Amino acid sequence: MRNRTYWWLKHVFIGPWLWIYNRPFTRGLDKPPADGPVIFASNHLAVMDSFYFPLVNKRQLTFLAKKEYFTTPGLVGAIQRWFFSSVGQVPIDRADKGSQEAALQTALRVLEKGDALGMYPEGTRSPDGRLYRGKTGMARIALESGVKVYPVAMINTNKVNPIGSWIPRPYRCGVIVGDPIDPAEFKDAGDDYQQARALTDRVMEELAKLSGQEYVKDFYAADVKNSLAAGQGYPEGSAPGEGVVYS
């Protein structure tokens, strides 16, 4: 896939400035193949995760992005909508089962063309910088396509782009790519859901190790966000310090 807007944003208008301003470091970029289908599964700390990984990755990425990036009103919403549409991102309605199935088929077509697919298994940004339980959509795509999954840890992007901010801050951020995970290894894990759950959990554990984040493995980020937004605090067992930290 070759998208002209993607190329100009990466190499001319935005990319060079981000390289100088945030000096992103990388590890493991030599692990994924230079061509052919591949799935990148990333933690999600900031909106600008979708800037920094494409910036350092030699391959053009298609991300499955939440539909809110395409529907937010006002000037910020218009900028979001233009950016994500221009670079070929695909909106997902996380509450609509029909839309989720359509997104699955779209993702499979991306891989069938030999392109690189980026996904955020948590389904939404972390509310507090920790890693949360992954949803199984990414694993379903991997199991159906047979394409290997590369865990990708975004480092410090939440400091560059804190929730609610749109002007990047001058922190150094980074991208670490882990070893590939073969979905074929999970074909004996049980029924379709059990296979997807086992693969998802393995990916999330690898992300926790790569990123150094506390892993809140029994709670979804969206549920914690909703509880905090409702003024109910953290659900029991999900507060900071109650997750798993891999050393």
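Structure: see above.
Nothing here was measured: the structure is a model prediction, and the numbers come from that model.

Definitions and cut-offs
Residues numbered from 1 in each chain as written. Predicted model: local features only at pLDDT ≥ 70, side-chain atom pairs only at ≥ 80, totals over all residues. Heavy atoms only, no water. Helix = DSSP H or I, 4+ residues; strand = E, 2+ residues; numbered from the N terminus. Rg over C-alpha atoms; globule rule 2.2 N^0.38 Å. Buried < 20%, exposed > 50% of the residue type's maximum accessible area, 1.4 Å probe, protein only. Contact = heavy atoms within 4.5 Å. Lys, Arg positive; Asp, Glu negative; His and termini not counted. Charge placed at Lys NZ, Arg CZ, Asp CG, Glu CD. Pairing = 2+ DSSP bridges. Core = buried A, V, L, I, M, F, W, Y, C linked by side-chain atoms within 4.5 Å. Salt bridge = Lys/Arg side-chain N within 4 Å of Asp/Glu carboxyl O. Phe/Tyr/Trp six-rings, centres within 6.5 Å; stacked < 30°, edge-to-face > 60°. Lys NZ or Arg CZ within 6 Å of the ring centre and 35° of its normal. 1 Å grid on protein atoms, 1.4 Å probe; cavity = no way out; pocket = protein on both sides within 12 Å on 5 of 7 lines; lining within 4 Å. Points joined across faces, edges and corners; volume = space filled by probe spheres on them.

Trainee: Is there a simple way to think about the overall build of the protein in this case?
Mentor: When helices and strands are tallied, the protein shows ten helices and nine strands. Here the protein has a C-alpha radius of gyration of 17 Å; the compact-globule value for 247 residues is 18 Å, and the two agree. Along the first, second and third principal axes, the C-alpha set of the protein runs to 45 × 45 × 40 Å. For the protein, buried positions account for 49% of its 247 residues. Across the protein, the fraction of contacts at a sequence separation of at least 24, relative to all contacts at a separation of at least 6, is 76%. On the protein, the mean spot of the 30 positive side-chain charges and the mean spot of the 26 negative ones are 9 Å from each other.

Trainee: Even after reading the chapter, I still don't get the pairing of strand E2 (residues 38-42), so can you show me in this structure?
Mentor: Most of E2 sits inside the fold, with five of its five residues counted as buried. Across the two faces of E2 the burial is the same, with Val38, Phe40 and Ser42 and Ile39 and Ala41 all buried. With four bridges joining them, E2 and strand E5 (residues 116-119) adopt parallel strand pairing. Considered in E5, the bridge of Phe40 is made with Gly118.

Trainee: Hey, could you run me through the nonpolar core in this one?
Mentor: Soluble, globular proteins show a tendency: their nonpolar side chains are buried together. The biggest cluster of nonpolar side chains holds 28 residues, and the ones touching the most others in it are Ile39, Leu117, Ile141, Leu199 and Val203. Elements supplying a minimum of two residues to this core: E2, helix H6 (97-112), E5, helix H7 (137-145) and helix H9 (192-211). A total of six residues in this core trace back to one element, the largest contributor, which is H9. The next biggest cluster of nonpolar side chains, apart from the first, holds 27 residues, and it includes Leu18, Phe40, Val56 and Val152.

Trainee: Any chance you could explain unusual backbone geometry here in plain terms?
Mentor: Most peptide bonds take the trans form, and the phi angle of most residues other than glycine is negative. A positive phi angle, close to 45 degrees, is found at Arg23, a residue other than glycine. With a relative accessible area of 45%, Arg23 lands in the partly exposed category. Positive phi values are uncommon outside glycine, yet Asn156 reaches one of about 65 degrees. With respect to the helices and strands, Asn156 occurs in the loop between strand E7 (149-155) and helix H8 (157-160). According to the relative accessible area criterion, Asn156 is partly exposed, its value standing at 25%.

Trainee: How do you make sense of the pattern of salt bridges when you look at a structure like this?
Mentor: Pairs may arise between side chains of opposite charge once their charged atoms sit close together. Summed over all chains, the structure comprises seven salt bridges. The salt bridge partner of Arg197 is Asp201, with a shortest N-O separation of 3.0 Å. Highlighted residues: Arg197 and Asp201, both in helix H9, separated by four residues, approximately one helical turn. Judged by its relative accessible area of 9%, Arg197 falls in the buried class. On the basis of relative accessible area, Asp201 is assigned to the partly exposed category, the value being 21%.

Trainee: Looking at this model, I keep getting lost on the packing of aromatic side chains. Mind explaining?
Mentor: The description of an aromatic ring pair rests on the distance of the ring centres and on the angle between the ring planes. All chains considered together, the criterion is met by six aromatic pairs. Geometrically, the ring pair formed by Trp17 and Tyr21 is stacked, given 4.6 Å between the ring centres and 15 degrees between the ring planes. Taken together, the residues Trp17 and Tyr21, both in helix H2 (residues 15-22) and four residues apart, mark about one turn of the helix. Residue classification places Trp17 among the partly exposed positions, given a relative accessible area of 43%. The interplanar angle of 80 degrees and the centroid separation of 5.0 Å between the aromatic rings of Phe40 and Phe53 together place this pair among those described as edge-to-face. On the criterion of sequence distance, the pair formed by Phe40 in strand E2 and Phe53 in helix H3 (residues 49-56) is long-range, its members being 13 residues apart. Three or more aromatic residues joined by ring pairs form one cluster here, namely Trp7, Trp8 and Phe13. Geometry around Tyr220 places Lys135 over its ring, the cationic atom sitting 5.9 Å from the centre.

Trainee: It is not clear to me how the pairing of strand E8 (residues 174-177) should be interpreted in this structure. Could you clarify?
Mentor: A regular strand places its side chains so that they alternate between the two faces of the sheet. Every second residue of E8 is oriented toward a common face, with Gly174 and Ile176 on one face and Val175 and Val177 on the other, all of them buried. By the bridge criterion, three bridges tie strand E1 (residues 25-27) to E8 in an arrangement that is parallel. Bridged to Phe25 within E8 is Gly174.

Trainee: I'm lost on empty space enclosed by the protein in this one. Help?
Mentor: Empty space left among the atoms is revealed by rolling a probe the size of a water molecule over them. Scanning the entire structure with this criterion turns up one cavity of 30 Å³ or more. Of the volumes computed, that of the largest cavity is approximately 190 Å³. Around the largest cavity, the lining is made up of 16 residues, and of these Leu9, Ser50, Phe51, Pro54 and Phe83 lie nearest the centre. For the lining of the largest cavity, the secondary structure elements donating two or more residues are helix H1 (4-13), H2, H3, strand E3 (61-66) and helix H5 (74-86). Among the elements that line the lining of the largest cavity, the one with the most residues is H3, at four residues.

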